[in-house]
Amino acid sequence: VQWFERAVEMEQIGAPPEQIIAAYQQALERDPEAPAPHVNLGTIYFHMQKWKQAEAHYRAAIALRPSYALAWFNLGNLHEETGGPDSALECYLKAIECDPTFPDAHYNAALLYQARRDTLNAVRHWQRYLKLDPAGYWAGIARRELARLKEEAVVNGSRG
């Protein structure tokens, strides 16, 4: 069994993080050019709130594969978690550039645009998200937010 697959299995059964980290590090020793172990290590460190280690692994994955949408997305989550909404949005947009069909990146971008009161971009990303994942877990929230933005636009438009 390959170390990467072993590490993924260990994650699925809830093995101690130290053991999972060691398995991913073994995977990287065997294949230093593989970006996936870096992304998974980044996520483990993210959940442990070890932000520097998480960021280092996400950036290592991106260095190995600049078009790795999941690495950009996870880096965006990290920036959002650590108080960097502008950096987070840049990462989500980069994830979308790498993979325009990545629904979660559209979802998170929509939320950040909405927080900035950039209604046009928020609506665009909510709509794209709903096209990509119309029945997903978050679709109801996306529909509600989209309806709210459209309602605000009508109310604000009628004030003019």
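Residues numbered from 1 in each chain as written. Predicted model: local features only at pLDDT ≥ 70, side-chain atom pairs only at ≥ 80, totals over all residues. Heavy atoms only, no water.

**Topic: the overall build of the protein chain**
Then step 1. Within the protein chain one finds nine helices and zero strands.
Then step 2. Beginning at the N terminus, the succession of helices and strands in the protein chain can be written as α-α-α-α-α-α-α-α-α.
Then step 3. Overall, the C-alpha framework of the protein chain stretches about 65 × 30 × 25 Å when taken along its three principal axes.
Then step 4. Taking all 160 residues of the protein chain together, 41% fall into the buried category.
Then step 5. Counting contacts in the protein chain only where the partners sit at least 6 residues apart, residues at least 24 apart contribute 40% of the total.
Then step 6. Charge centroids of the protein chain, computed over 17 positive and 20 negative side chains, lie 6 Å from each other. (Helix = DSSP H or I, 4+ residues; strand = E, 2+ residues; numbered from the N terminus. Buried < 20%, exposed > 50% of the residue type's maximum accessible area, 1.4 Å probe, protein only. Contact = heavy atoms within 4.5 Å. Lys, Arg positive; Asp, Glu negative; His and termini not counted. Charge placed at Lys NZ, Arg CZ, Asp CG, Glu CD.)

**So, the nonpolar core**
Then step 1. A95 and W126 are the most contacted members of the largest nonpolar core, which totals 46 residues.
Then step 2. Each residue touching A95, except ones within four places of it in the same chain, is listed here: A69, W72, F73, F102 and A105. (Core = buried A, V, L, I, M, F, W, Y, C linked by side-chain atoms within 4.5 Å.)

**A few points about the packing of aromatic side chains**
Then step 1. Tallying each qualifying case throughout the model produces eight aromatic pairs.
Then step 2. Ring geometry for F46 and W51: centres 5.4 Å apart, planes at 70 degrees, overall edge-to-face.
Then step 3. What makes F46 buried here is its relative accessible area of 16%.
Then step 4. Under the relative-accessibility criterion, W51 is labelled partly exposed at 26%.
Then step 5. Ring centres of Y137 and W138 lie 4.7 Å apart, and the angle between their planes is 85 degrees; this geometry places the pair in the edge-to-face category.
Then step 6. Since its relative accessible area comes to 71%, Y137 is described here as exposed.
Then step 7. Here the aromatic residues Y107, W126, Y129, Y137 and W138 are joined through ring pairs into a cluster of three or more.
Then step 8. Note that R6 overlies the ring of W3, its terminal NZ or CZ placed 4.3 Å from the centroid.
Then step 9. The cationic tip of R65 hangs over the ring face of Y68; the distance from NZ or CZ to the ring centre is 4.8 Å. (Phe/Tyr/Trp six-rings, centres within 6.5 Å; stacked < 30°, edge-to-face > 60°. Lys NZ or Arg CZ within 6 Å of the ring centre and 35° of its normal.)

**Description of the environment of C91**
Then step 1. By the secondary structure assignment, C91 is in helix α6 (residues 85–98).
Then step 2. For C91, a relative accessible area of 5% puts it in the buried group.
Then step 3. Placed 38 residues apart in sequence, C91 and Y129 show a C-alpha to C-alpha distance of 17 Å.

**Brief notes about the side chain of N40**
Then step 1. Here N40 is to be found in helix α3 (residues 36–47).
Then step 2. Here N40 is in contact with F4, V8, E11 and Y24, once residues within four sequence places are set aside.

**Description of the state of the cysteines**
Each disulfide is one covalent bond, formed between the sulfur atoms of two cysteines.
Then step 1. If you walk through the whole model with that rule in mind, you get zero disulfides.
Then step 2. Note on C91: no disulfide assigned, nearest cysteine sulfur contributed by C98 at a separation of 10 Å. (Disulfide = S-S within 2.5 Å.)

**Focus on helix α8 (residues 119–132)**
Then step 1. In this model α8 runs 20 Å from its N-terminal to its C-terminal C-alpha over 14 residues, within 8% of the 20 Å that 1.5 Å per residue would give.
Then step 2. Of the residues making up α8, those classed as buried are N121, A122, V123, H125, W126, Y129 and L130. (Expected span 1.5 Å × (residues − 1).)

Worth remembering: the numbers are spatial, not functional.
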